[in-house]
Every structure is written in structure tokens, then in C-alpha cells.
Amino acid sequence: MSIAEQAYIAYAKHLLPKQSPYGIEFNRNKVEEFLTQLDSIIDKHPEYQYPPYFKAKLLLALGDKEDTLNAILPFARKKRNDFWVWQLLGETLNENPDIEFACYCKALSCKSPQ
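Reference entry: report on the structure contained in this document. Since the structure is predicted, the reported quantities are computational estimates derived from the model, not experimental observations. (Residues numbered from 1 in each chain as written. Predicted model: local features only at pLDDT ≥ 70, side-chain atom pairs only at ≥ 80, totals over all residues. Heavy atoms only, no water.)

Attention now goes to the overall build of the protein chain. Counting its secondary structure elements, the protein chain contains six helices and two strands. For the protein chain, the α and β elements follow one another from N to C terminus as α-β-β-α-α-α-α-α. In summary, the protein chain has a C-alpha radius of gyration of 15 Å against a globular reference of 13 Å for 114 residues, a match within 12%. Overall, the C-alpha framework of the protein chain stretches about 35 × 35 × 30 Å when taken along its three principal axes. In the protein chain, which comprises 114 residues, the proportion classed as buried is 32%. (Helix = DSSP H or I, 4+ residues; strand = E, 2+ residues; numbered from the N terminus. Rg over C-alpha atoms; globule rule 2.2 N^0.38 Å. Buried < 20%, exposed > 50% of the residue type's maximum accessible area, 1.4 Å probe, protein only.)

Pasting the structure below:
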């Protein structure tokens, strides 16, 4: 993984909502600004694997489920054997309990590293 990809991923993780003693920390404006940069890096460097996943995580944190689904589906097709992808799909599709449950069941059927 390139240093640039690692940097984008690290910053995306930093922007995700976190629990603190003062409540949930989440800077919506910084996330929205960073998403435009993330879109640019995704377009310029399709060889980077994980920026689309973190884009989906940030969109989900913003509450934009439709765009989250559009962002995660191409990534999920490539990484369909990883349980954490199915977990994110379940979180995205939680408006339909049957589909959400099916995603979690699929996650449980995936092999995990030991």
C-alpha cells in the first residue's frame, strides 16, 4: 500500500465519529470537505483499494445511505469474502431488517484471519 493511500485512510479513520467523555465527536464540515478530496484520489488512482471503503464509512456517518450504497457496492464485489464488508452493507441496509440480517449472516459465513 502506498504512503499516500495510507495517509488518506488514516485521515478518514480520524474523521469517523468517536465516543469521548463529552459525547460523540464528529466534524461534519471536515468530512464533507474531505469527501471531495477522496473522490479525486479514487478517480486518479483506481489501484488504491481502500479509499472507496472509507468513503462509504464517512457517507454512512453523514447519514447518506443512498450514496453509501453506491460507494460500497463496487468495493464489496471485489472484497465479498471479507466479513467486515458485509457488516458495512448491513449497517447501510438497516432499513430492511431481512436484508440487514442476511448481510450479517453472510458476514458470519466468511472466513476470518486467525
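Next comes the rest of the account.
Helix packing geometry: the angle between the two helix axes and the distance between the axes. Where helix α2 (residues 28-44) contacts helix α3 (residues 51-62), the axes come no closer than 10 Å and their chain directions differ by 155°. The angle between α2 and α3 places the two elements in the roughly antiparallel class. The handedness of the crossing between α2 and α3 comes out as left-handed. Counted together, R28, V31, E32, F34, L35, L38, D39, I41 and I42 of α2 and P51, P52, F54, K55, L58, L59 and L62 of α3 form the full contact between these two elements. Residue composition of the contact of α2 with α3, grouped by class: 12 nonpolar, no polar and four charged. (Axes fitted to C-alpha atoms, helices over the stretch in contact; angles between N-to-C directions. Parallel < 35°, antiparallel > 145°, perpendicular 65-115°, else oblique. Left-handed = near helix turned anticlockwise from the far one by under 90°. Contact = heavy atoms within 4.5 Å. Nonpolar A, V, L, I, M, F, W, Y, C, P; charged D, E, K, R; others polar.)

Summed over all chains, the structure comprises two salt bridges. In this structure, E32 and R28 form a salt bridge, with 3.7 Å as the shortest nitrogen-oxygen distance. With E32 and R28 both in helix α2 and four residues apart, the pair spans about one turn of that helix. In this structure E32 comes out as partly exposed when scored by relative accessible area, which is 38%. Ionic pairing is found between D39 and K55, a salt bridge with its closest N-O pair at 2.6 Å. In this pair, D39 sits in helix α2 while K55 sits in helix α3, placing the two residues 16 residues apart along the sequence. (Salt bridge = Lys/Arg side-chain N within 4 Å of Asp/Glu carboxyl O.)

Bringing helix α6 (residues 97-109) into the picture now. End to end, α6 covers 18 Å across 13 residues, agreeing with the expected 18 Å (1.5 Å per residue, within 8%). Its side-chain oxygen 3.1 Å from the backbone nitrogen of D98, N96 forms the N-cap of α6. (Expected span 1.5 Å × (residues − 1). Polar contact = N/O pair within 3.5 Å; in protein donor to acceptor, adjacent residues only side chain to side chain.)

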